[in-house]
Amino acid sequence: MSPCKTLFLAAFDYKTVKYVIAENKKVGVLYRVIQLSILGYLIGWVFVTKKGYQATEESVQSSVMTKVKGVVLTNSTDMGLSLWGPEDYVIPPHGDANLFVTTNFIETPNQRLSHCAESDKVPDGRCKEDKDCLVGEAVTAGHGIKTGRCLKKDGNNSGTCEIYGWCPIERTQISHVPLLGKAETFTIYIKNFIRFPKFSFSKSNVLETNNASYLKTCLYHESLQPYCPIFRLGDIINRTGHRFQDMAQSGGAIGILIDWNCNLDRDASECQPMYSFTRLDVNSSVSSSTSGYNFRYVRYYKNATGHTYRTLFKVYGIRFDIMVHGKAGKFNIIPTMINIASGLALMGAGTFVCDLVLLYIMKKRTDYRRRKYESVKEPNSRAESNENEVEENGFQDCGETEVMKDNDSQV
């Protein structure tokens, strides 16, 4: 018979596995322990904990709107009594996922474009003579353009360059008591809409209730009212491990995380957000010299003669960054079958481990290997091979099972 024909006929042969039963209780117990461990992992971790029977989506679509409420009265030397409302201390005032609440400020009123001395706290503005103040050169980290004159105080050999800019220059003395320290009692309403497009599921963090006065009276609390979207600013800072009054003086940054973890196999009312808070401008609970948050803005005016002047504000406050994360899951047959198949395939690890113990570690490993692996010499012909098998067995079996005991007797 030609080799090609032999190869073709061999494709239609049936091959079966030969099973060898080793009656060894130690290996048997090890095998069952491994199987039960894999089964416990598959059921407890994959399906119960990780919900491996669900299709999941983490690309949540989100929209956040905010609204701060509260008023405070301040009394400063320049401004006198002043009433601050949300439109004054919230920047930007239109309510976004990132907002800044002013808690302290330095005011420099009635600035006009004219000539004045640069601050001696600016290194590039210091001078000993006029040639140190190059005409037309901007003062690095300063407040204006050099005019070429060095202005000295009486009895001093050094001074500062004269500049052309908004004069008088900015004040630097900050109040040690936050001017808007009462902002601790202000509230922020965070309205969040989310959508999981894969499941066409939408939800809002506002609790669905028929009580029309709910939002007017509720205040967020972890255990008492965990689904109220109204937060007291002081409570938010306290939950980060810091004090509001300490942050109010020089400012800071706070992260508000809204986490949606929704099991869509349950009722939609059970899909509710979880809130967490952290301070972002420091690495630990102790403030450092690099912590804080501030910036400047101006208000321009014109007097009766048409000349422009301005009031400069350097404001300190708390920046709130609202971040939304989400994950949704729903039953799907495809991940279910994939995880079941993976678990069944993992069951083979028990056989692999027990074979290693049986064939390479135990004292009678040589006898076990001899029984498990059978060496068959190549017959002279296919017909001769078949005749020998018939003579030895009396029939062609689809499988054979050999039982081994610890005393190496064959049953």
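Provided above is the structure to which this section pertains.
Scoring rules and cut-offs
- Residues numbered from 1 in each chain as written.
- Predicted model: local features only at pLDDT ≥ 70, side-chain atom pairs only at ≥ 80, totals over all residues.
- Heavy atoms only, no water.
- Disulfide = S-S within 2.5 Å.
- Helix = DSSP H or I, 4+ residues; strand = E, 2+ residues; numbered from the N terminus.
- Buried < 20%, exposed > 50% of the residue type's maximum accessible area, 1.4 Å probe, protein only.
- Salt bridge = Lys/Arg side-chain N within 4 Å of Asp/Glu carboxyl O.

(A) Seen up close, the state of the cysteines. All chains considered together, the criterion is met by five disulfides. Paired by a disulfide, C127 and C150 hold their sulfur atoms 2.0 Å apart. Every disulfide takes its handedness from the sign of the S-S torsion; for C127 and C150 that torsion is 95°, giving right-handed. In this pair, C127 is assigned in strand β8 (residues 126-127) and C150 in strand β9 (residues 144-152), connecting sequence segments 23 residues apart. Exposure class is identical for C127 and C150. Each is buried. Across a sulfur-sulfur distance of 2.0 Å, C133 and C161 are joined as a disulfide pair. Taking the torsion about the sulfur-sulfur bond, which here is approximately -85°, the covalent link between C133 and C161 counts as left-handed. Here the residue C133 occupies a position in the loop between β8 and β9, and C161 occupies one in strand β10 (residues 159-167), the gap between them amounting to 28 residues. With respect to burial, C133 and C161 carry one shared label: buried.

(B) Region of interest: the pattern of salt bridges. One pass over the full model with this rule turns up twelve salt bridges. The salt bridge partner of D124 is K146, with a shortest N-O separation of 3.7 Å. Taken together, the positions of D124 in the loop between β7 (98-117) and β8 and K146 in strand β9 put the pair 22 residues apart, joining distant regions of the chain. The class for D124 is partly exposed, based on a relative accessible area of 26%. We classify K146 as buried; its relative accessible area is 4%. The shortest N-O distance in the salt bridge between R296 and E170 comes to 2.8 Å. Pair noted here: R296 is in strand β16 (residues 294-302) and E170 is in the loop between β10 and β11 (187-196), with a separation of 126 residues, a long-range link. On the accessibility criterion, R296 (45% relative accessible area) is partly exposed.

Such coordinate-based values are descriptive only and should not be taken to indicate function.
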